[in-house]
Amino acid sequence: LLHAFAFRTAKHLKEWIDIRPTNALTVLDTHDGIGIIDIGADRKDPASRPGLVPPNELDQLVEIIHRNSSGSSRLATGAAASNLDLYQVNCTFYDALARDDVNYLLARAIQFFLPGIPQVYYVGLLAGQNDMQLLMHSGVGRDINRHYYQRDEVAAALRQSVVTQLCALVKLRNTHKAFNGQFGCGSPSPSALVLRWDDGDEFAELSVDFRTGRHRLAFSTAGEIRAIEFQSARSG
């Protein structure tokens, strides 16, 4: 997903969707970092066992995440912190997307539209940002994504536009009948992705163009069709 947003292409994401497990938890973020090894080539045999993305683009993606987080993830990753895990970037998913509300909500929508059981880490649910104070205190890279929320912080986070939209998306995924039906995936162009669920007369469909940023989430409700376009607090 991060690669799709960074390079404005659906090609490699679609390839993963085609080979993904169908009965699994779908996860974007956890208490650990953002894993990158799974989309890379086999380090022992890169020629015959290539990854989902080219090696140079994987390296670029890591740098893009560092840039999107204003360098904070670099301070928490690899040799910069006590956990020398070179196969992950320590960063909140929201910061990895440069705190772009629309792209973040699209990432969650794609997660929710894929078959499986979506799992949302608590920092991700609250659109959490990198906790540099905790990182500096502990010296543990993974702590950048393990903020300890106080009650008033939770209340404030729940009032954010990006979080209220995400909670509405969670409700749609948990309650709409279409997600009990049949799943389909199409890619009308190299930069676009269409995910759809159908159950009888009920449907839910998400279309995203990573090149233009255009998107549409449409679903049936009480015999009518509703459409959602995600909004950014920055644009009002």
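Our structure is the block above this text.
The numbering scheme is per chain: residues are counted from 1 as the chain's sequence reads. The predicted origin of the model limits local features to residues at a pLDDT of at least 70 and limits the giving and counting of side-chain atom pairs to 80 or more, whereas totals for whole chains, interfaces and linings rest on all residues. Calculated side-chain values reflect all of the structure's heavy atoms, with hydrogen atoms and water omitted.

Here the focus is the overall build of the protein. Secondary structure is summarised from DSSP: a helix means a run of H or I of at least four residues, a strand means a run of E of at least two, and numbering begins at the N terminus for each. Assigned secondary structure in the protein consists of 9 helices and 9 strands. Computed over C-alpha atoms, the radius of gyration of the protein comes to 18 Å, within 12% of the 18 Å expected from 2.2 N^0.38 for 236 residues, which places it in the range of a compact globule. Across its three principal directions, the C-alpha atoms of the protein cover 55 × 55 × 30 Å. Look at the contacts in the protein between residues 6 or more apart in sequence, and 61% of them connect residues 24 or more apart. For the protein, the exposed area adds up to about 12400 Å²; of that, 51% sits on carbon and sulfur atoms. Taking the average location of the 24 positive side-chain charges in the protein and that of its 26 negative ones, the two points are 1 Å from each other. Radius of gyration: over C-alpha atoms. The globule rule applied is 2.2 Å multiplied by the number of residues raised to the 0.38 power. Any two residues whose heavy atoms approach within 4.5 Å are treated as being in contact. All accessible areas in this document rest on Shrake-Rupley with a 1.4 Å probe, and a residue is counted as covered only by the protein chains that are shown. Counted as positive: Lys and Arg. Counted as negative: Asp and Glu, with His and the chain ends omitted from the count. Think of each charge as sitting on NZ of Lys, CZ of Arg, CG of Asp or CD of Glu.

This next bit is on the pairing of strand E9 (residues 224-228). Here a strand pair is declared whenever DSSP counts at least two bridges between the two strands. Bridge count for strand E8 (residues 215-221) against E9 is 5 bridges, and the pairing is antiparallel. If you follow Ala218 over to E9, its bridge partner there is Ala227. Count of turn residues in the E8/E9 antiparallel hairpin: 2 residues, of which Ala222 carries a positive phi of about 50 degrees.

Phi at Arg99 is positive, roughly 55 degrees, even though this residue is not glycine. Structurally, Arg99 can be placed in the loop between helix H4 (93-96) and helix H5 (101-113). With a phi angle near 50 degrees, Ala127 is a residue other than glycine that sits in the positive phi range. Within the secondary structure, Ala127 sits in the loop between helix H6 (122-125) and helix H7 (132-138). In this structure Ala127 comes out as buried when scored by relative accessible area, which is 4%. Note on exposure labels: buried denotes an accessible area under 20% of the residue type's maximum, exposed denotes more than 50%, and partly exposed covers the range between, all computed with a 1.4 Å probe on protein chains only.

Glancing now at the pairing of strand E7 (residues 202-209). Inspection of the sheet shows strand E6 (residues 192-199) paired to E7 by 8 bridges, in the antiparallel sense. The partner of Leu193 across the bridge, within E7, is Val208. In textbook terms, the turn of a hairpin is the stretch between consecutive antiparallel strands, and for E6 and E7 this stretch comprises 2 residues, one of which, Gly200, has a positive phi near 65 degrees. Judged from the 5 bridges that link them, E7 and E8 form a sheet pairing that is antiparallel. If you follow Leu206 over to E8, its bridge partner there is Leu217.

On the basis of which strands lie adjacent, the open sheet formed by 5 strands has the order E5-E6-E7-E8-E9 and antiparallel pairing. Unpaired on one side and paired on the other, strand E5 (182-186) and E9 mark the two borders of the sheet. Strand-to-strand twist in this sheet, taken as the mean axis angle between neighbours without regard to direction, amounts to 15 degrees. With 5 bridges connecting them, E5 and E6 associate as antiparallel partners. To define axes, lines are fitted to C-alpha atoms, for helices over the stretch in contact only, and angles between the resulting N-to-C directions are given on a 0 to 180 degree scale.

Within helix H2 (residues 11-19) the residues assigned to the buried category are His12, Leu13, Lys14 and Ile17. In this structure, the buried residues of H2 make contact with helix H1 (2-7), helix H3 (55-68), E5 and E6.

Another point: the side chain of Thr26. In this structure, Thr26 sits in strand E1 (residues 25-27). Residue Thr26 is classed as buried on the basis of its relative accessible area, which comes to 11%. Look past the residues within four positions of Thr26 in its chain and what remains in contact with it is Gln111, Leu114, Pro115, Gly116, Ile117, Pro118 and Gln119.

Turning next to the packing of H5 against helix H9 (residues 161-175). The interhelical angle for the contact between H5 and H9, taken along N-to-C directions, is 15 degrees, at an axis separation of 10 Å. It follows from the interaxial angle that H5 and H9 lie roughly parallel. When the axes of H5 and H9 are compared, the crossing they make is right-handed. Contacts between H5 and H9 involve Asp101, Tyr104, Leu105, Arg108, Ala109 and Phe112 from the former and Val162, Gln165, Leu166, Leu169, Val170 and Arg173 from the latter. Along the lines of polarity and charge, the residues of the contact of H5 with H9 split into 8 nonpolar, 1 polar and 3 charged. Roughly parallel means an angle under 35 degrees; roughly antiparallel, over 145; roughly perpendicular, 65 to 115; everything else is oblique. With the far helix as reference, a near helix turned anticlockwise by less than a right angle produces a left-handed crossing, and one turned clockwise produces a right-handed crossing. Amino acid classes used here: Ala, Val, Leu, Ile, Met, Phe, Trp, Tyr, Cys and Pro are nonpolar; Asp, Glu, Lys and Arg are charged; the rest, including Gly, are polar.

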